[in-house]
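# Secondary and tertiary structure notes
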Amino acid sequence: MGLLPRRYIFSLAAVAATAASLLVTPAAMADFFSPESGGSPNANRIDTLYWITFAIAMVIFAAVIGTLGYCLVKFRARKGAVAAQIHGNTRLEIAWTVGAALILVVLAVVTFAALPGIRDPENSDAAAAAGIVQPVAAHGNKKVPADGKALNIDVNGQQYIWRYTYPDGDDNNLNNPFSYTEMVVPVGVTVTLDIRAQDVAHSWWIPKLGGKMDAVPGYTNYTWFKVIKPGVYHGQCAELCGRNHANMIATVRAVSPAEYKQYIERLKNDTKSADAAAAVSRKKLDANPQANP
Amino acid sequence: MASDTLTETPTAALKPVPEITAHGVQRQRSGLMDWLTTTDHKKIGILYLVTTFVFFILGGVEALMIRLQLGTAQNTLLTPETYNQLFTMHGTTMIFLFVVPIMAGFGNYFVPLMIGARDMAFPRLNALSFWLLLSGGLVFYASIFFTPPEAGWTSYTPLSLEAFSPSGGQDAWIFLVHLTGLSSLVGAVNFYVTIANMRAPGMGWGRLPLFVWTILVYAILLILALPVIAGAVTLLLTDRHFGTGFFDPTQGGSPLLWQHLFWFFGHPEVYIMVLPGFGIISEVLPVFARKPIFGYKAVAASSVVIAFLGLLVWAHHMFTTPSPTVVLVFFMMSSFLIAIPTGVKIFNWVATLWRGTIEFKTPLIFCIGFLSQFLIGGITGIMVAIFPVDWQVHDTYFVVAHFHYVLMGGAVFAIFAGIYYWFPKITGRMLNEPLGKWSFALMFIGFNVTFLIQHTIGMDGMPRRVYEYPDVGHLQLYNQISTVGAFILGLGILLTIINVLRSVKKGPVAGPDPWKGNTLEWFTESPPPLNNFDLVPRIRSVEPMKDIRREVERQSEPALAAASPSAESTLRG
């Protein structure tokens, strides 16, 4: 068959191109094949769950592609070859239907086993938590750590910036410290997030700290993380929110508990001095509306 | 039609029996007027195929512009506004103006031929379907002269409400959904009635060609899913212009309601797009393996099961929304279930090749591309159905890669298999084989280079629908690979366009049955005459043409044996 060599060239080129696109870089192969992880236990457990799925997937892929490839090589039309007129095989068909179902049962069991560790917040490390965590109540979809305490931060998505409101221990929400874009959290403390949006839908996502959760106007969504080691973790809005969606970045800076306390103190003081300066300007304006504060 | 009067075999003599009462003789129109006023299912089919392919090219150009913009980090080639308009146009075009209606194009042309009918049940309604589709496309594309929509093909509220998308482009999108939706609904009813009532004598449900099975299921899914989106976009329209607040949280409306309504349509839409592709694969594989389809009943039934389950999985697009765990679990499990009939199909297709004598013609090669790529899309589909995993990959390039493996690597490769398979029937001429194979090779390589790497891009943290990205890690390199792949893919598609344009006038004459096909469309001339068949044979199996060839062979055995002993010998096996 004159066609044959050309077909091999095509197949080889296809395989080579596919392999090249996979191996073109000496990137850390773990990150190449799996989601980001390493920042928080829930992200790590998603990563593990992903790898189990990936392994099963690779077996199925290899089996099907292997059989397909075998057929294409072995059963190509040759002179004198006669196709077997097989119309089906009920037993075989039942077997692979049941086989497929069994694989899915395995995947479901693995997922349900992994789910609590991913969805339910852990307790904070005792040493880190002192003076930072407060009791938080579970309600609706909101899960809390077993000891009922966490650092609960309010995340508010707006075109095109994230606003974070930190707890300050009193019931008055109007005087809480807050920051934009960069969230500062203590290492080893479980952070529970209340995620909201005030204009269009956004999605909160810091890949190394776990999965994303949408911020939908009119709803509150929840997630959590517990940063394992200090550092800066990057992410960005993951739900189309308008023209500058790409620029709606978010970072989480994880610091020691002591530094965290200092940071909150500084935010409070900054707010206080800004309030004081505003009061002075207001007084000036009250006295002379034409004045330029 | 009084099909009972038709003969058992084409050779038997019969008295002419009038089947249609003519009330007058219509003058044969010529040229443009003929195309504008035609009610012939074949001409309407050609109008569908050509129109949707033009939209495919437009959508493809938009895709290439998207990939150009992403070719380098922090690129300033396109403004964020233009970029958002481009991906909105790309997604909308490919779904509403290409994949769904091109399947109607194949259906229009081939369902009547495959079931031995002389036209669709409602020929004028059929013409209406096409002109509604074209109107939808024109209304939508007219917005490029004003302000195209930019809220994505999903048009999530509140972003698509007037406060955030004041331009008329969003309304053009709504009217596109209305018009193409009406087109598909009318067409779906037509397909259903045609398939239910106009099958050749002897063609019971168990002898219906598998492509026709999938068009039947496609029609039922359209009838079930389209009214929901039609209602939803109407509510969106009144929200935008008449102050109703169905989806506006500031008026007590719910953005999640939009998402539920949208995906209640949007997920069945995926199966609407891919099921007829499955049908094409199920027709082409047996012909080129010279073997019957493995497990006809399982392949037909799995289409029905996929359609049923496909109506129950919509919220797997909403795993990151504020939803209770029990909802996430339900939609994960229902999405798992759909993998079973899909797996059955893949196994049956591979088994169809087993012990066949496979002829590597271009239609078959596109089927192989389909099988390997759709397999990857199906496997990543299971991954994204596991909702904790989806929390990481949702709305990233991983998902972009996943659905392109299903819709481009799957449905579009099946469409190309269909083009190469049926072009001789439609035009009477063969496409060029080497050019077709080069087209496939470039498309296969280009497709995989473009989209395989996108899984990693997504897992590295790049969300979809971003007009720029920072130059961190290997993100720029991966995106460059993807962009290069997109142009290779584009070149491959271009080769097929050239092939079609060259062959339509100059290709070798095909004859009625160049592939030794199994189904009735190969019984008539290429291209078929206006009335399709002078005689419709009685159907005795799923492969009526094989039966007919055997019959002919038996009758002309002595003469044939003398003339060419090897030519027909494979038929008997």
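Predicted model, so just to flag it, every value in this text is computed and none were measured.

The next point concerns the overall build of chain A. Secondary structure summary: chain A contains 6 helices and 11 strands in total. Scored against the burial criterion, the 293 residues of chain A give a buried share of 45%. For chain A, the share of sequence-separated contacts (at least 6 apart) that also reach a separation of at least 24 residues comes to 63%. Of the roughly 14100 Å² of accessible surface on chain A, a fraction of 61% belongs to carbon and sulfur atoms.

Residues and elements named next belong to chain A. UniProt's entry tags residues 49–73 and 94–115 with the feature "transmembrane region" (unreviewed entry), counted in the numbering of this structure. What you have in residues 49–73 is 100% helix and 0% strand, and the ends, taken at the C-alpha atoms, are 36 Å apart. Within the segment residues 94–115, helix and strand shares are 100% and 0% respectively, and the terminal C-alpha atoms sit 31 Å apart.

A few words on the packing of aromatic side chains. Residue and element names in this part refer to chain B. In total, this model carries 66 aromatic pairs over all chains according to the counting rule given. For the pair Phe53 and Phe56, a centre-to-centre distance of 5.3 Å together with 65° between the ring planes defines the contact as edge-to-face. Of this pair, Phe53 and Phe56 are both found in helix 2 (residues 41–69), 3 residues apart, which corresponds to roughly one turn of the helix. Grouping residues by exposure puts Phe53 and Phe56 together as buried. Arranged with centres 5.1 Å apart and planes meeting at 65°, the rings of Phe211 and Trp422 form a pair that is edge-to-face. Linking Phe211 in helix 6 (residues 210–242) with Trp422 in helix 12 (residues 397–427), this pair joins segments that are 211 residues apart in sequence. Relative accessible area serves as the criterion here: at 0%, Trp422 is assigned to the buried category. Taken together, the aromatic side chains of Phe53, Phe56, Phe98, Phe366, Tyr405, Phe413, Phe416, Tyr420, Phe440, Phe444, Phe447 and Phe451 make up a single cluster linked through ring pairs. In this arrangement the basic side chain of Lys43 is found over the ring face of Trp35, its NZ or CZ atom lying 6.0 Å from the centre. Its guanidinium or amino end placed over the ring of Trp205, Arg199 lies 4.1 Å from that ring's centre, counting from NZ or CZ.

Turning next to the nonpolar core. If you look at the biggest cluster of nonpolar residues, it comprises 250 residues, and the most contacted ones within it are Tyr166, Met183 and Trp204 of chain A together with Phe106 and Leu353 of chain B. If sequence neighbours within four positions are ignored, Leu353 of chain B has contacts with Leu68, Cys71, Leu72 and Phe75 of chain A together with Leu285, Ala289, Ile358, Leu364, Ile368 and Leu371 of chain B. Listed in part, the 5 residues of the second largest apolar core include Trp96 of chain A together with Phe294, Ala298 and Ala351 of chain B.

Attention now moves to the UniProt feature "domain: Cytochrome oxidase subunit II copper A binding" (unreviewed entry) in chain A. Feature annotation in UniProt assigns "domain: Cytochrome oxidase subunit II copper A binding" (unreviewed entry) to the following positions: residues 148–266 of chain A. For residues 148–266 of chain A, the end-to-end C-alpha separation is 28 Å, with 8% helix and 47% strand making up the annotated structure.

Let us now look at the environment of Leu535 of chain B. Within the secondary structure layout, Leu535 of chain B lies in the loop between helix 14 (475–506) and helix 15 (544–555). For the pair formed by Leu535 of chain B and Ser143 of chain B, sequence separation is 392 residues and the distance between their alpha carbons is 49 Å.

Moving on to the pattern of salt bridges. Counted by the stated rule, this structure contains 20 salt bridges over all chains. Across the salt bridge formed by Arg253 of chain A and Glu182 of chain A, the nearest N and O atoms sit 3.2 Å from each other. Here Arg253 of chain A is found in strand 11 (residues 249–255), whereas its partner Glu182 of chain A is found in strand 5 (residues 182–186), with 71 residues between them in sequence. The class for Glu182 of chain A is partly exposed, based on a relative accessible area of 26%. The salt bridge partner of Glu359 of chain B is Arg290 of chain B, with a shortest N-O separation of 3.2 Å. Remark: Arg290 of chain B occurs in the loop between helix 7 (255–289) and helix 8 (296–310) and Glu359 of chain B occurs in the loop between helix 9 (325–353) and helix 10 (362–385); sequence separation between them is 69 residues.

Moving on to the interface of chain B and chain A. A common way to state how big an interface is: give the accessible area lost once the parts meet. Of the residues lining the interface, 98 residues belong to chain B; the matching set on chain A comes to 91 residues. Across the chain B to chain A interface the summed buried area is about 8200 Å²; carbon plus sulfur atoms make up 73%. Sorting the residues of chain B by area buried against chain A places Trp391, Gln392 and Met459 of chain B first, and these three jointly supply 9% of that buried surface. Along the contact surface separating chain B from chain A lie 2 salt bridges. In this structure, the salt-bridge partner of Glu81 of chain B is Arg243 of chain A, at a minimum N-O distance of 3.5 Å. At the level of elements, helix 3 (80–115), helix 7, helix 8, helix 9, helix 10, helix 11 (387–393), helix 13 (433–459) and helix 14 of chain B are the ones that each hand at least two residues to the side of chain B that touches chain A. With 14 residues, helix 9 of chain B is the largest single contributor of residues to the side of chain B that touches chain A.

What counts, and where the lines are drawn
Within any chain, residue numbers begin from 1 and follow the written order of that chain's sequence. Lettering for chains starts from A, numbering for ligands starts from 1, and both go in the order in which the items are written. Where totals are concerned, whole chains, interfaces and linings use all residues; where local detail is concerned, this predicted model gives features only for residues with pLDDT of at least 70, and gives and counts side-chain atom pairs only at 80 or more. Working from all heavy atoms in the structure, the side-chain values ignore hydrogens and water. Secondary structure follows DSSP: runs of H or I at least 4 residues long count as helices, runs of E at least 2 residues long count as strands, and numbering of each begins at the N terminus. Think of it in three bands: with a 1.4 Å probe and only protein chains considered, a residue is buried below 20% of the maximum accessible area for its type, exposed above 50%, and partly exposed in between. Whether two residues touch is decided by their heavy atoms; if any such pair falls within 4.5 Å, the residues are in contact. Residue-level accessible areas treat just the shown protein chains as cover; the underlying method is Shrake-Rupley with a 1.4 Å probe. UniProt positions are given in the numbering used here, feature names are shortened, and annotations may be inferred rather than shown by experiment. Paired rings are identified among Phe, Tyr and Trp, the last through its six-membered ring, by centres lying within 6.5 Å, and are further divided according to the angle between planes into stacked (under 30 degrees), edge-to-face (over 60) and tilted (the rest). Charge-over-ring contacts are defined here by two conditions on Lys NZ or Arg CZ: a distance within 6 Å of the ring centre and an angle within 35 degrees of the ring normal. Buried Ala, Val, Leu, Ile, Met, Phe, Trp, Tyr and Cys residues that are joined via side-chain atoms within 4.5 Å together make up what is termed a nonpolar core. Only one rule defines a salt bridge in this text: a Lys or Arg side-chain nitrogen within 4 Å of an Asp or Glu carboxyl oxygen. Buried area is calculated as the accessible area (1.4 Å probe) missing from two parts once they are joined, with the contributions of both summed.

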